[in-house]
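Spelled out from the first residue to the last, the chains are:
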Amino acid sequence: MESVNNNLTKKEIVYFYNLLYEYEHRPSSKYDNKKVKKAMEGKIVINDSFPKNANITEMNLNVLNFTPYSNSMCLGILYHIRNSFAHGNLTSVDDGKAFLIKDFSDKQKRSKCNMLGYIAKEKLYELIDTIRKTSKNTKRK
């Protein structure tokens, strides 16, 4: 991995802010995990097999490693990306070609990483778009 640029572009900030807002204010959704995994096969490795107390340290290009959330792979991806952005841990890397996504379960120390992703930007946008397309809104309780 080359130089890190902590500053997202204005367009990226707006995109992720809208994703955060959608996650927080939209009625909860059910997603089709199988369709998303199939659509992203060969593009992004999605690995949510880590135990909840894991500290993920392995990072490879176009791999999302994360702990499960709410028994939904897709909801877990959105949850961790939302947290990463909200806490300033989503950065632009490789001269603006990829995102480094980190979420931590210990917000103060930030030493226990429960999502680590290093994804080409166009592939992350495609993943999020694919997740959104499979959404089946349900009412929040």
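Residues numbered from 1 in each chain as written. Predicted model: local features only at pLDDT ≥ 70, side-chain atom pairs only at ≥ 80, totals over all residues. Heavy atoms only, no water.

Participant: How should the packing of aromatic side chains be read in this particular structure?
Facilitator: Any two aromatic rings considered together are summarised by their centre-to-centre distance and by the angle between their planes. Taken as a whole and assessed by the stated rule, the structure comprises 7 aromatic pairs. When the centroid spacing of 3.8 Å and the interplanar angle of 5° are considered together, the rings of tyrosine 69 and tyrosine 79 count as stacked. Note that tyrosine 69 is positioned in the loop between β4 (63-66) and α3 (73-86) and tyrosine 79 in helix α3, a separation of 10 residues in sequence. Three or more aromatic residues joined by ring pairs make a cluster, and in this case those are Tyr15, Phe16, Phe85, Phe99 and Tyr125. (Phe/Tyr/Trp six-rings, centres within 6.5 Å; stacked < 30°, edge-to-face > 60°. Helix = DSSP H or I, 4+ residues; strand = E, 2+ residues; numbered from the N terminus.)

Participant: Any chance you could explain the pattern of salt bridges here in plain terms?
Facilitator: Any two side chains of opposite charge can pair, so long as their charged atoms come close to each other. Within the structure shown, the criterion is met by 5 salt bridges. Of the charged contacts in the structure, one is a salt bridge between lysine 121 and glutamate 12, with a shortest N-O distance of 2.5 Å. A residue pair is termed long-range when its members are at least 10 positions apart, and lysine 121 in helix α4 (residues 121-133) and glutamate 12 in helix α1 (residues 10-25) qualify at 109 residues. The residues lysine 121 and glutamate 12 share a single accessibility class, namely buried. Here arginine 82 ties to glutamate 24 by a salt bridge, and the two come within 2.6 Å at their closest N and O atoms. A residue pair is termed long-range when its members are at least 10 positions apart, and arginine 82 in helix α3 and glutamate 24 in helix α1 qualify at 58 residues. (Salt bridge = Lys/Arg side-chain N within 4 Å of Asp/Glu carboxyl O. Buried < 20%, exposed > 50% of the residue type's maximum accessible area, 1.4 Å probe, protein only.)

Participant: Would you explain the packing of α1 against α4 in this entry?
Facilitator: In a packed pair of helices, the relevant descriptors are the angle between the two axes and the axis-to-axis distance. For the pair α1 and α4, interaxial distance at closest approach is 13 Å and the crossing angle is 25°. Comparing their axes, α4 and α1 come out roughly parallel. Judged by the sense of rotation from one axis to the other, the crossing of α1 with α4 is left-handed. Two secondary-structure elements touch here, α1 through Glu12, Tyr15, Phe16, Leu19 and Glu22 and α4 through Lys121, Leu124, Tyr125, Ile128 and Arg132. For the contact of α1 with α4, the class distribution of residues is 6 nonpolar, no polar and 4 charged. (Axes fitted to C-alpha atoms, helices over the stretch in contact; angles between N-to-C directions. Parallel < 35°, antiparallel > 145°, perpendicular 65-115°, else oblique. Left-handed = near helix turned anticlockwise from the far one by under 90°. Contact = heavy atoms within 4.5 Å. Nonpolar A, V, L, I, M, F, W, Y, C, P; charged D, E, K, R; others polar.)

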